[in-house]
Amino acid sequence: MSEKHFNLVTEPWIKVIDDQNQEREVSMEELFTNTAHYRQLAGEMKAQDLAILRFLLAILTTVYSRYGADDQPYDWLKLDEQMRPASFDEDAFDSEWHHIEDELLNTWHKLYRTGHFSKVVLQYLHKYSKHFDLFDEEVPFYQVTKEQYDSIVPQNKVVAKGKGTVAVKQMNRTISESNNKPDIFSPKTPIHKDDISPEALVRWLITYQNFTAVTDKTKITAKEKFSVSKGWLYGLDPVFVVGNNLFDTLILNLIVVPQNSEFSEKLINQRPVWEFSTMDYIQVRRDDHFPQNLAQLYTVWSRAIHIEWNNDRPQIFSAGLPKLSGEENFLEPMTTWKQDKKTKEYKPNLRWINSLGKAMWRNFGQYVRINTSGSASGDREPGIVTWLNVLKRRKFIRRDLPLHLMTVGLINDGNATSQSPAAEFADEMQINADVLFDENKTKRNFWPKRIEDTVELTDKIGSLVWHFANNAGNLRGLNDPGSFAGRVSARFFEQLNQPFYEWLAGLTNNDERDEKVNNWKKTVDRIASSTAKELLNSATPLEIRGKDKDDQLINIFVYYRIFRASVAKTLDLGGKKNDGKN
């Protein structure tokens, strides 16, 4: 193994789509040099792209917390030979922190205007080139050495015992197969499920540290018992920004001044996992310290991994690290938040398998501040959205810039003992910056509140659709009319998804609010009517004949008239204008 090398800085491993719409693999050196020429990351799955995006952001966040866009160090810190902060000007942080904040933001703005990253990024990559080598004997990328692994696991789990391994087919999230339960619909035949190239292994190694599950049983040794980490990203409802090309995506998500956390030296002193000595990092995790900066958070490990190589096939040893608590840890910018009703504490939201079909727009209030007072509807605003608002207020981005918010992730199977990936979700919505961050303080004209009210109104129509379908199912004599109604309701919302996204993307701050909302109401009315008529046209003789209820004959036509009247009353298309009160 000593003669083998696979260096992420110079070897192609990142899958992208270029500006000619061709898929290709590039090195980190190529990527950061030509970022604007790539449309997007294009890995094996969207969840992998998100994990790699955060890895790339960790590099950029680290570099530009130390150097300006002119590649010169900031005057309020001194750097050592490894390009790391040796000391900070404490007086500057105490009395001139606004100046430091302005400098960091100006660096961002200069990079955004030039449309590319500066050469200091490449200098940093080459400085840490050894740490980005998959086969390095001392600091293999995202791994520990055999000696280190043996020193942190129980004696019966050392490498020589051959226990505590994770198969490639389990790490590869397009398969996610254990040795006990084969995946019938795998994209690979059984004999090749554990075959993997170095470049693919790197991609899945980064992904696995973020989306891990808890099927493996080996843990590192610790004084206190702990719950093993399932992967930090796996415990979030992620949200991030997608730009017109990969540079735009990276720069818009590059938070040089973290939001929702107190500005401090610790917050600015970025330290990704490769800048720790391995054993120091393991001790930090043993001590249950939550990451203090974004670069550390973006590169957080869920497992201490060691890889043995046998004829180009990896044998992967994996030891679980302690689970990180997400409660009140607002350093994380890429998640929606949920408030615990009992403790009143906020923790990252989580998607469940029963919400898989629910589109992003139906949770609009979780992503945006919808009250003129600045508070969200029971949930905190994601840090990335707050960051975009900072850019808009500073006039770094256009007021009418279309912002694409995207959510991507994996949903677990609901089994507490495995939490294996059951499905991937991905969705996005576009909204203009001046609509998302409307400065109008009157409820009647405040776009985010009007949009959220419109979403809630649409949900009420969805409920009416469900009840009509449930009544039809009862008349039809179905064993489970509720499930039938659920399927009808799901189809109703599926037909609404694209029209809503187009409506949302078309909103501007110059619009007459009532007119735009009424346009959407008409769309909802049309699709609700179409859904109901489909049920009416397919009515069975039992539904047409109906049943006696309270000495009255109730059939599908009666339920249809009730449904149409209820929809008309709820939408109030011919009624008074919205006064913004609730």
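Residues numbered from 1 in each chain as written. Predicted model: local features only at pLDDT ≥ 70, side-chain atom pairs only at ≥ 80, totals over all residues. Heavy atoms only, no water.

Points about empty space enclosed by the protein
Next up, step 1: Throughout the structure, instances matching the rule amount to three cavities of 30 Å³ or more.
Next up, step 2: Volume-wise, the largest cavity comes out at about 150 Å³.
Next up, step 3: Lining the largest cavity are 13 residues; nearest its centre among them are Gln143, Val273, Trp274, Thr278 and Trp301.
Next up, step 4: Per-class residue counts for the lining of the largest cavity are nine nonpolar, four polar and no charged. (1 Å grid on protein atoms, 1.4 Å probe; cavity = no way out; pocket = protein on both sides within 12 Å on 5 of 7 lines; lining within 4 Å. Points joined across faces, edges and corners; volume = space filled by probe spheres on them. Nonpolar A, V, L, I, M, F, W, Y, C, P; charged D, E, K, R; others polar.)

Some points on the nonpolar core
Next up, step 1: In terms of nonpolar packing, the biggest core is built from 176 residues, with Met28 and Phe55 touching the most fellow members.
Next up, step 2: The leading source of residues in this core is helix α2 (residues 46-63), at 12 residues.
Next up, step 3: If we ignore the near neighbours within four places in the chain, the residues touching methionine 28 are Leu8, Val9, Trp13, Ile14, Phe55, Leu56, Ile59, Leu125 and Phe132. (Core = buried A, V, L, I, M, F, W, Y, C linked by side-chain atoms within 4.5 Å. Buried < 20%, exposed > 50% of the residue type's maximum accessible area, 1.4 Å probe, protein only. Helix = DSSP H or I, 4+ residues; strand = E, 2+ residues; numbered from the N terminus. Contact = heavy atoms within 4.5 Å.)

Here's the deal with the sheet that holds strand β13 (residues 421-432)
Next up, step 1: Read across the open sheet, the three strands follow the order β7-β12-β13; overall the sheet is antiparallel. What marks the edges here is a single partner per strand, and that holds for β7 (240-242) and β13. Taken over all neighbouring pairs, the strand axes of this sheet differ in orientation by 35 degrees on average, direction set aside.
Next up, step 2: Pairing analysis gives three bridges linking β7 to strand β12 (residues 402-412), with the strands arranged antiparallel. Its bridge partner being in β12, valine 242 is matched across the sheet by histidine 404. (Pairing = 2+ DSSP bridges. Axes fitted to C-alpha atoms, helices over the stretch in contact; angles between N-to-C directions.)

Some words on the side chain of serine 318
Next up, step 1: Position of serine 318 relative to the elements: it lies in strand β9 (residues 313-320).
Next up, step 2: Those residues in contact with serine 318 that sit more than four places away from it in its chain are Tyr149, Gly164, Val166, Tyr208, Asp216, Thr218, Arg303, Ala304 and Ile305.

What to know about unusual backbone geometry
Next up, step 1: Non-glycine residue alanine 213 carries a positive phi angle of around 75 degrees.
Next up, step 2: Looking at the element boundaries, alanine 213 is found in the loop between α8 (198-210) and β7.

Here we look at the packing of α2 against helix α5 (residues 120-127)
Next up, step 1: Between α2 and α5, the shortest axis-to-axis distance is 10 Å and the interhelical angle comes to 110 degrees. With respect to α5, the element α2 is oriented roughly perpendicular. From α2, Ile59, Leu60, Thr62 and Val63 reach across to α5, where they touch Val120, Val121, Tyr124 and Leu125.
Next up, step 2: Among the residues making up the contact of α2 with α5, the classes are represented as seven nonpolar, one polar and no charged. (Parallel < 35°, antiparallel > 145°, perpendicular 65-115°, else oblique.)

A look at the pattern of salt bridges
Next up, step 1: Evaluated as defined, the whole model comprises 25 salt bridges.
Next up, step 2: Of the charged contacts, one joins lysine 4 and aspartate 312 as a salt bridge, the two residues approaching to 3.1 Å between their closest N and O atoms. Placement of the pair is lysine 4 in the segment before β1 (14-18) and aspartate 312 in the loop between β8 (303-310) and β9, with a sequence separation of 308 residues.
Next up, step 3: The partner of arginine 369 in a salt bridge is glutamate 381, and the shortest N-O contact between them spans 3.2 Å. One end of the pair, arginine 369, is in the loop between α13 (364-367) and α14 (383-393); the other, glutamate 381, is in the loop between α13 and α14, with 12 residues separating them in the sequence.
Next up, step 4: When its relative accessible area of 30% is taken as the criterion, arginine 369 is described as partly exposed.
Next up, step 5: Exposure remark for glutamate 381: the relative accessible area of 4% places this residue in the buried category.
Next up, step 6: Through salt bridges that share partners, Lys15, Glu23, Glu25, Glu44 and Arg203 make up one connected network. (Salt bridge = Lys/Arg side-chain N within 4 Å of Asp/Glu carboxyl O.)

Some points on the environment of alanine 532
Next up, step 1: Positionally, alanine 532 belongs in helix α18 (residues 513-537).
Next up, step 2: Given a relative accessible area of 2%, alanine 532 falls into the buried group.
Next up, step 3: Between the C-alpha atoms of alanine 532 and aspartate 548, which are 16 residues apart in sequence, the distance is 22 Å.
Next up, step 4: With near-sequence residues (within four places) excluded, alanine 532 lies in contact with Phe468, Tyr560 and Phe563.

Digging into the side chain of asparagine 329
Next up, step 1: Along the chain, the position of asparagine 329 falls in the loop between β9 and β10 (337-339).
Next up, step 2: Using a relative accessible area of 19% as the deciding quantity, one classes asparagine 329 as buried.
Next up, step 3: With near-sequence residues (within four places) excluded, asparagine 329 lies in contact with Phe290 and Trp337.

Focus: the confidence of the model for the protein
Next up, step 1: Looking at the protein, the pLDDT average stands at 90 and 93% of residues meet or exceed 70.
Next up, step 2: Long-range and interchain partners of residues 374-378, a stretch whose pLDDT sits below 50, account for 13 contacts in this model, where long-range means more than four residues apart. (pLDDT = per-residue confidence, 0-100.)

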